[in-house]
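Residue-level structural notes
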Amino acid sequence: RRGQAGGRAAAQRGGAMEGVRTNRVFKQVPDFETDEAGNVVPFPHPIDNLRARQQRAREDWIAIEKLGLVRRRLTRCYREEGVNHYENCKEIAEEYFKLVQAPNYGARLVV
């Protein structure tokens with residue numbers, strides 16, 4: 001009870017409630033460039049390198065989570081449709097196959 005009352009009071013004050021996740025918006029930063037041999041060229045400033053690495057990691061995690069969502073949707077469709085899943089789940093299966101076959105699960109283009 002004590003946590004609930006504190007949560008209501010925080011919400012009334014305009015603060016965030018416990019256990020409620022909020023979306024963060026990250027500023028888009030330039031990605032790494034590559035030279036003619038295909039090697040990644042780092043930025044001259046180390047903070048720019050850190051931001052670019054963090055952005056790549058976020059994009060990778062988003063792509064992996066998207067892949068998991070499509071996989072769960074496909075599994076649910078298989079279970080619900082039974083013997084008709086070949087016809088009724090075809091679009092979801094094609095989307096899942098396309099994501100699995102894409103480099104980095106479709107997170108970004110590989111140069």
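Residues numbered from 1 in each chain as written. Predicted model: local features only at pLDDT ≥ 70, side-chain atom pairs only at ≥ 80, totals over all residues. Heavy atoms only, no water.

**A closer look at the overall build of the protein chain**
Basically, it comes down to this: Segments assigned H or I by DSSP are reported as helices when at least four residues long, segments assigned E as strands when at least two residues long, and all are numbered from the N terminus. Buried means the residue's accessible area, taken with a 1.4 Å probe over protein chains only, is under 20% of the maximum for its type, while exposed means over 50%, and partly exposed covers the values in between. Residues are treated as being in contact if the distance between any of their heavy atoms lies within 4.5 Å. The accessible surface values rely on the Shrake-Rupley method and a 1.4 Å probe; as for residues, cover is taken only from the protein chains in view.
Across its full length, the protein chain carries four helices and two strands. Put simply, the protein chain runs from its N terminus to its C terminus through helices and strands in the order α-β-β-α-α-α. Sorting the 111 residues of the protein chain into buried and exposed places 16% on the buried side. Long-range pairs, those at least 24 residues apart, make up 39% of the contacts in the protein chain with a sequence separation of at least 6. With the model as given, the accessible surface of the protein chain reaches about 9500 Å², and the carbon-plus-sulfur share is 53%.

**Observations regarding the nonpolar core**
Worth spelling out the cut-off: Put simply, a nonpolar core is a bunch of buried Ala, Val, Leu, Ile, Met, Phe, Trp, Tyr and Cys residues held in one set by side-chain atoms that sit within 4.5 Å of each other.
Counting seven residues, the largest nonpolar core is built from Leu 67, Val 70, Leu 74, Cys 77, Cys 89, Ile 92 and Leu 99. For this core, the elements supplying multiple residues, two or more each, are α2 (46–81) and α4 (90–101). Tallying contributions element by element places α2 first for this core, with four residues. Ignoring sequence-local partners within four residues, the contact set of Val 70 consists of Ile 92, Glu 95, Tyr 96 and Leu 99.

**Description of a nonpolar patch on the surface**
Rules: Patch membership requires more than 30% relative accessible area and the absence of a salt bridge. Residues of like charge join within 9 Å; the nonpolar side chains Val, Leu, Ile, Met, Phe, Trp and Tyr join within 5 Å. A side-chain nitrogen of Lys or Arg and a carboxyl oxygen of Asp or Glu constitute a salt bridge if their distance falls within 4 Å.
A surface patch of nonpolar side chains, about 330 Å² in accessible area, is lined by Trp 61, Ile 64 and Tyr 105. The topology assignment puts Trp 61 in helix α2. Taking relative accessible area as the criterion, Trp 61 reaches 56% and is therefore assigned exposed.

**Looking at the state of the cysteines**
Here is the rule: In what follows, a disulfide is any cysteine sulfur pair within 2.5 Å.
For the structure on display, the rule yields one disulfide. Two residues share a disulfide in this structure: Cys 77 and Cys 89, whose sulfurs sit 1.9 Å from each other. Linking Cys 77 and Cys 89, the disulfide has an S-S dihedral of approximately -95° and is accordingly described as left-handed. One end of the pair, Cys 77, is in helix α2; the other, Cys 89, is in the loop between α3 (85–88) and α4, with 12 residues separating them in the sequence. Of the residues examined, Cys 89 reaches a relative accessible area of 1% and is grouped as buried.

**Describing the pattern of salt bridges**
Working definition: two side chains of opposite charge can pair if their charged atoms are close together. The final tally for this structure, using the stated rule, is two salt bridges. Two residues, Asp 31 and Arg 56, come together in a salt bridge whose shortest N-O distance is 2.9 Å. Linking Asp 31 in the loop between α1 (2–12) and β1 (33–34) with Arg 56 in helix α2, this pair joins segments that are 25 residues apart in sequence. The partly exposed category is assigned to Arg 56, whose relative accessible area is 23%. Between Glu 95 and Arg 73 there is a salt bridge; the shortest N-O distance is 2.8 Å. Of this pair, Glu 95 sits in helix α4 while Arg 73 sits in helix α2, and the two are 22 residues apart along the sequence. What makes Glu 95 partly exposed here is its relative accessible area of 26%.

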